[in-house]
Amino acid sequence: MKSLPIRLVVLLGVVSVIGIIAVQVYWVRRAFDNEERQLDQMLYIGLKNVATRLAAYRRVELPSQSPVNQVSSNYYVVNVNSEIDANLLEYYLRQEFERLNLRLDYEYAIYDCGTDHMVYGNYVRASERAGPASVPTRLPKYSRYTYYFGLHLPQRAPYFMSRLNGWVLTSVLLLVVVVFFGYALFVILRQKRLSEVQRDFINAMSHEFKTPISTIAISAEVLTAPDIVQQPQRLLSYASIIREENRRLSQQVDKVLQMAKSERSEFRLHREPVDLAALLTDVVRQFDIRGKHAGASLQLLVDSCQLSGCSDSELSVDSCQLSGCSDSELSVDSCQLSGSSDNADARTILTTDNCQLTTKGAPRLVWADPVHLANVLFNLLDNAVKYAAGPPVVRVALAVEGRQLRLSVADQGIGIAPAHQKQVFDKFFRVPGHDLRPAQGFGLGLYYVRNVVQAHGWKIQLHSQPGQGSTFILTFPLLPAHAAPARA
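All of these numbers come straight from a predicted model, not from anything done at the bench. (Residues numbered from 1 in each chain as written. Predicted model: local features only at pLDDT ≥ 70, side-chain atom pairs only at ≥ 80, totals over all residues. Heavy atoms only, no water.)

Novice: Honestly, the pairing of strand 16 (residues 459-464) in this entry has me stumped. Any pointers?
Specialist: Side chains on a regular strand alternate between the two faces of the sheet. Relative to strand 17 (residues 470-477), strand 16 runs antiparallel, the two being bridged by 6 bridges. Bridge pairing links H463 to T471 in strand 17. Hairpin remark: strand 16 followed by strand 17, antiparallel, with 5 residues in the connecting loop; positive phi at G467, about 80 degrees. (Pairing = 2+ DSSP bridges. Helix = DSSP H or I, 4+ residues; strand = E, 2+ residues; numbered from the N terminus.)

Now the structure itself:
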């Protein structure tokens, strides 16, 4: 279904619900007003009859004006123009309330002109059942009358609610219908979005798989030629292509498997103390930045100490002492190490604390699953290289901040608009408008990163602006240096 009909259905549904709610509110309000007007009329009639009977008992004339005055919504003052007997007043009130079928609690007080105070009379309950003891209310005086009594209705609002039970029930049912309708709309829109995401994922997966498969098929066809054995250089070239495309296919499959594994209920972490600096160094070494992009540059800084080098086998030292010069152990005391690589376009700058490239010195331990942590680092590096506007320039920094480790992966790529920064961690989401078709991927890398981060209880932040690159910041609780030996 196209987007326009779905939006039209949603709009019509919302307008219909709003209309039904407006009609319901209108009729409930009218019913409430009718009940309130009817109660006021009945009270006026009853209280006027009480005043007439009291005046007849005292053989006095009532004033020409109406003796009943409504001071507030639940307080009435009745002028009787003579002294009032409390017992007789309560008797007449009970009779009138019973005759008018007013099942309503009330309390009354009589004004004493000698003391200028309202003398509390009694609290009369509508039902025979005993209720909680009531606290006498101080009823206000009314300065315009001399002989009068006041009537207060403390249960006026609950009385209306009991009279409007039918309307309350229909309103509750309507509320349930509205909630169900809103939930149905939410499910429909979510399913529509998931359908679009699934379609985009299938298209991206088809493209990502089709390209290397086609390349492997062409290379295999060339290798089947009878005279290919006589051209060793060409044979090696096509074999390298097949190997590279097979590696690319394997990486794509691994991403899908990582996502599936992180979503399974049996997803388990095998945590242990891990030296993050050592693991990060190994990941940077293994990361094939040359294969990702020609002319790429990657810089690793640990505690802002710089050690630059481009090859494990060819290194030169300027005015400093080098000890343990091997592939697995390089250490320099407060100096800068520089070297060249076989490929001048691909540079790797490794920087560590006290210019030490290996795990010697104080380890930076985190409690983590080393496999998933390495996958997170690979995904962040791959994402930084993938969305570069030109030759990728990636900067990885690790620093200790109090009792935490702060790892940042910054690039100078195309950046991410603020509107999409919360969505980049969603499954299958890819920022729209990027004309980078060969490097789009599946939209699973950052989703996997978020799942692993959440499973460990870490924190991840994203700072980015379009055209200014992106910086992903991971924060880890730091283990003490005397923790169990790390295994990177």
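Further notes follow.
Novice: What is the right way to look at the nonpolar core in this model?
Specialist: Generally speaking, soluble globular proteins have nonpolar side chains that are buried together. In terms of nonpolar packing, the biggest core is built from 42 residues, with L373 and F476 touching the most fellow members. Every element with two or more residues in this core is listed here: helix 6 (276-286), strand 7 (297-302), strand 13 (365-368), helix 8 (370-386), strand 14 (393-401), strand 15 (404-411), helix 9 (445-456) and strand 17. Apart from the residues lying within four places of it in its own chain, the contact partners of L373 are V274, L276, L279, V366, A368, W458 and F476. Counting residues in each nonpolar core, the second largest holds 29 residues, with L43, Y76, F97 and F160 among its members. (Core = buried A, V, L, I, M, F, W, Y, C linked by side-chain atoms within 4.5 Å. Buried < 20%, exposed > 50% of the residue type's maximum accessible area, 1.4 Å probe, protein only. Contact = heavy atoms within 4.5 Å.)

Novice: What am I meant to see in the pairing of strand 1 (residues 68-72) here?
Specialist: As defined by bridge partners, strand 1 adjoins strand 2 (residues 75-79) across 4 bridges and the pair is classed as antiparallel. Looking at strand 2, one finds that S72 is bridged to Y75. Taking the residues that link successive antiparallel strands as the turn, the strand 1-strand 2 hairpin has 2 residues.

Novice: What is the right way to read the sheet that holds strand 1 from this model?
Specialist: Sheet strands pair by backbone hydrogen bonding; their relative direction is either parallel or antiparallel. Spatially, 1-2-5-3-4 is the arrangement adopted by the 5 strands of the open sheet, whose pairing is antiparallel. Among the strands making up the open sheet, the edge pair consists of strand 1 and strand 4 (117-124). The sheet shows a mean angle of 25 degrees between the axes of neighbouring strands, direction not considered. Bridge analysis of strand 3 (residues 106-112) against strand 4 gives 7 bridges, and the strand direction is antiparallel. What sits directly across from A109, in strand 4, is Y120. Together, strand 3, strand 4 and strand 5 (148-152) form the strand contacts of helix 2 (residues 86-99), whose direction differs from that of strand 3 by roughly 145 degrees. (Axes fitted to C-alpha atoms, helices over the stretch in contact; angles between N-to-C directions.)

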